[in-house]
Amino acid sequence: MADERTQLVGWLDMQRAIIHWKCEGLSDADAHRSVLPDSPLMTMAGVVSHMRWVEHCWFEVLFLGRPAIGPQFEDGPEDADMMVEGISLTQLLEEYDRQCAVSNEIVAAHSLDDVGRHPDFRAAAANLRWMLIHMVEETARHAGHMDAVRELLDGKKGYY
């Protein structure tokens with residue numbers, strides 16, 4: 001019986017929690033270990049970092065119109081946001097939590113009908129409602145990747 005904003009943020013927060021749950025009990029070595037030969041950056045640590053930067057991109061850059069900074073905007077290799085060698089899983093999860101808190105503050109302060117402000121990206125024309133729905137999809141998709149990677153790492157599986 002919750003309102004639309006509460007439902008959207010609730011679903012997003014649940015998927016964010018699954019990202020954390022999939023990392024529980026992992027060593028740093030396993031969090032950085034690649035198990036997919038054709039996707040060597042698709043590690044647990046790499047996905048956590050990617051999700052942190054996706055949150056930043058959609059809510060801070062595209063929606064608020066802040067400067068396009070971060071690994072995905074730099075003149076570096078593709079998927080640079082997933083290159084996290086030497087960064088602990090604990091640090092990556094803390095950075096993700098902080099970014100999600102910033103995203104939630106942005107969502108709370110704006111109408112779902114407000115549109116993004118960044119002049120350099122077409123995706124910024126979407127409204128906040130669309131961005132939230134997209135983030136639920138993006139986070140759930142990567143939580144699914146993490147489910148498969150975790151099972152390949154140590155056999156742990158399960159939806160929750």
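> Got a minute to help me understand the overall build of the protein chain in this structure?
Within the protein chain, the regular secondary structure consists of five helices and zero strands. Of the regular secondary structure in the protein chain, the N- to C-terminal order runs α-α-α-α-α. A globule of 160 residues ought to have a C-alpha radius of gyration of about 15 Å, and the protein chain, at 16 Å, matches this closely. C-alpha atoms of the protein chain, sized along the principal axes, occupy 45 × 45 × 25 Å. The 160 residues of the protein chain split such that 44% are buried.

> Sorry if this is basic, but what is going on with the side chain of His50 here?
Along the chain, His50 turns up in helix 3 (residues 44–63). If we ignore the near neighbours within four places in the chain, the residues touching His50 are Asp81, Met82, Glu138 and His142.

> What is the right way to read unusual backbone geometry from this model?
Apart from glycine, the bulk of residues carry a negative phi angle, and the bulk of peptide bonds sit in the trans form. In this structure, Asp79 is a non-glycine residue whose phi angle is positive, near 65°. Look at Asp79 and you get partly exposed, because its relative accessible area is 38%.

> Would you mind going over the environment of Gln99 with me for this structure?
By secondary structure assignment, the location of Gln99 is in helix 4 (residues 89–108). When residues no more than four places from it in sequence are discounted, the contact partners of Gln99 are Arg52, Glu55, His56 and Glu60. Reaching out from Gln99, the side chain makes a polar contact with the side chain of Glu60 at a distance of 2.6 Å.

> Help me understand the nonpolar core, please; the structure alone is not making it clear to me.
A general feature of soluble globular proteins is that nonpolar side chains tend to end up buried together. With 43 residues, the main nonpolar core has Met44, Val48, Phe59 and Leu132 as its most contacted residues. Looking at this core, the elements with two or more residues in it are helix 1 (4–23), helix 3, helix 4 and helix 5 (128–154). Excluding residues within four positions of it along the chain, Val48 makes contact with Ile19, Cys23, Leu89, Leu92, Leu93, Tyr96 and Met146.

> Even after reading the chapter, I still don't get the packing of aromatic side chains, so can you show me in this structure?
Each pair of aromatic rings is reported with the distance of its centres and the angle of its planes. Counted by the stated rule, this structure contains two aromatic pairs. Measuring from centroid to centroid gives 5.5 Å for Trp58 and Trp130, while their planes differ by 50°, and the two rings are tilted. Remark: Trp130 occurs in helix 5 and Trp58 occurs in helix 3; sequence separation between them is 72 residues. Overall, Trp130 belongs to the partly exposed group, its relative accessible area being 43%. Between Phe73 and Phe121, the ring centres sit 5.7 Å apart and the planes meet at 55°, which makes this aromatic pair tilted. Taken as a pair, Phe73 in the loop between helix 3 and helix 4 and Phe121 in the loop between helix 4 and helix 5 lie far apart in primary sequence, 48 residues in all. Its relative accessible area of 30% is what places Phe121 among the partly exposed residues. Above the plane of the ring of Trp53 lies Arg52, whose end atom (NZ or CZ) is 3.7 Å from the centre. Over the ring of Phe63 we find Arg117, and its NZ or CZ is 6.0 Å from the ring centre.

> What is the right way to look at the packing of helix 1 against helix 4 in this model?
Packed helix pairs are characterised by how far apart their axes lie and by the angle those axes make with each other. Between helix 1 and helix 4, whose axes approach to 11 Å, the crossing angle comes to 180°. As far as their axial angle goes, helix 4 and helix 1 are roughly antiparallel. Along its contact with helix 1, which presents Arg5, Val9, Asp13, Arg16, Ile19, His20 and Cys23, the element helix 4 presents Leu89, Leu93, Tyr96, Asp97, Cys100, Ser103, Asn104, Val107 and Ala108. Looking at the contact of helix 1 with helix 4, its residues break down into nine nonpolar, three polar and four charged.

How each quantity is defined
Residue indices follow the written sequence of each chain, beginning from 1 at its first position. In keeping with the predicted nature of the model, local features appear solely for residues at pLDDT of at least 70, side-chain atom pairs appear and are counted solely at 80 or more, and the whole-chain, interface and lining totals rest on all residues. Note: side-chain values were computed over all heavy atoms of the structure, leaving out hydrogens and water. The way it works is that DSSP assigns letters per residue, a run of H or I at least four long becomes a helix, a run of E at least two long becomes a strand, and they are numbered from the N terminus. For the radius of gyration, the atom set is restricted to C-alpha positions; the globular benchmark scales as 2.2 Å times the number of residues to the power 0.38. Think of it in three bands: residues with accessible area under 20% of the maximum for their type are buried, residues over 50% are exposed, and the middle band is partly exposed, with areas taken using a 1.4 Å probe on protein chains only. Contacts are assigned to residue pairs that have any heavy atoms within 4.5 Å of one another. Here a polar contact means two N or O atoms within 3.5 Å. Within protein one must be a hydrogen donor candidate and the other an acceptor candidate, and residues neighboring in sequence count only if both atoms are side-chain atoms. Among buried residues, the Ala, Val, Leu, Ile, Met, Phe, Trp, Tyr and Cys ones that are joined through side-chain atoms within 4.5 Å form a nonpolar core. The aromatic pairing rule takes the rings of Phe, Tyr and Trp, using the six-membered ring of Trp, and pairs them if the centres are within 6.5 Å, calling planes under 30 degrees apart stacked, those over 60 edge-to-face and the rest tilted. Throughout this description, the term charge over a ring refers to an Arg CZ or Lys NZ atom that lies within 6 Å of the ring centre and within 35 degrees of the ring normal. What counts as an axis is a line fitted to C-alpha atoms, over the stretch in contact for a helix, and the angles between N-to-C directions run from 0 to 180 degrees. Any angle that falls under 35 degrees is termed roughly parallel, while one over 145 is termed roughly antiparallel, one within 65 to 115 roughly perpendicular, and all others oblique. When residues are grouped by polarity, Ala, Val, Leu, Ile, Met, Phe, Trp, Tyr, Cys and Pro land in nonpolar, Asp, Glu, Lys and Arg in charged, and all others, Gly among them, in polar.

That's the geometry; what it means functionally is another story.
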